[in-house]
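# Structural features, examined
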Amino acid sequence: MDPTPNDDDKSRFVDESVGMILEESFETSITFPRLTETAHGFDNIMKSHSKEIISGYNVWQTEDRKYIYITQRVWNLSFIQQ
């Protein structure tokens, strides 16, 4: 979620030292387009991963196969300064 240098840092030393407090967090998704002609090795990558993994990224191509679209989850964090 936010920086913690060690698993045993329950007091949130990093947060305290930089003076930032997590205000809000939420998940969204973003879709990246890519020209198929510049996506070297795309077909090999698609063949080397399971359908479950690929479907999780909502990978698809336009009907003319000109563009590839990949959707990825993004964790958005908003901090306020103490």
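Quick note: structure is the one above.
In this report, the structure presented in the accompanying data block is examined.

### Quick look at the pairing of strand S3 (residues 67-81)
Remember that side chains alternate between the two faces of the sheet whenever the strand is regular. Here strand S1 (residues 20-35) runs beside S3; their pairing, made up of 15 bridges, is antiparallel. Each bridged residue has a counterpart across the sheet, and for Leu-22 the counterpart in S3 is Phe-79. Where strand S2 (residues 60-61) meets S3, two bridges bridge the pair, whose relative direction is antiparallel. Considered in S3, the bridge of Gln-61 is made with Ile-68. A loop of five residues connects S2 with S3, the two strands running antiparallel in sequence, and Arg-65 in this loop sits at a positive phi of about 60°.

### Remarks on the sheet that holds S1
Pairing within the open sheet is antiparallel, and its three strands lie in the order S1-S3-S2. Taken across any chain shown, the strands that pair with only one partner, and hence form the sheet edges, are S1 and S2.

### Thoughts on the packing of aromatic side chains
Each aromatic ring pair is summarised here by two numbers: the centre-to-centre distance and the angle between the ring planes. Under the defined criterion, the tally for this structure stands at two aromatic pairs. Between Trp-60 and Tyr-69 the ring centres are 4.4 Å apart and the planes differ by 15°, which places this aromatic pair in the stacked class. Seen from their ring centres, Tyr-67 and Tyr-69 are 6.4 Å apart, and the 45° between their planes marks the pair as tilted. We classify Tyr-67 as partly exposed; its relative accessible area is 31%. Three or more aromatic residues joined by ring pairs form one cluster here, namely Trp-60, Tyr-67 and Tyr-69.

### Thoughts on the side chain of Thr-62
Within the fold, Thr-62 resides in the loop between S2 and S3. In this structure Thr-62 comes out as buried when scored by relative accessible area, which is 19%. A polar contact is formed between the side chain of Thr-62 and the backbone nitrogen of Lys-66, at a distance of 3.3 Å. Setting aside residues no more than four positions away along its own chain, Thr-62 makes contact with Tyr-67 and Tyr-69.

### As for unusual backbone geometry
Negative phi characterises most residues that are not glycine, and trans characterises most peptide bonds. With phi around 50°, Asn-58 is a residue other than glycine that occupies positive phi space. Mapped onto the elements, Asn-58 comes out in the loop between helix H3 (51-56) and S2. Classification of Asn-58 as partly exposed rests on a relative accessible area of 42%. Non-glycine residue Arg-65 carries a positive phi angle of around 60°. In this structure, Arg-65 sits in the loop between S2 and S3.

Calculation notes
- Residues numbered from 1 in each chain as written.
- Predicted model: local features only at pLDDT ≥ 70, side-chain atom pairs only at ≥ 80, totals over all residues.
- Heavy atoms only, no water.
- Pairing = 2+ DSSP bridges.
- Helix = DSSP H or I, 4+ residues; strand = E, 2+ residues; numbered from the N terminus.
- Phe/Tyr/Trp six-rings, centres within 6.5 Å; stacked < 30°, edge-to-face > 60°.
- Buried < 20%, exposed > 50% of the residue type's maximum accessible area, 1.4 Å probe, protein only.
- Polar contact = N/O pair within 3.5 Å; in protein donor to acceptor, adjacent residues only side chain to side chain.
- Contact = heavy atoms within 4.5 Å.

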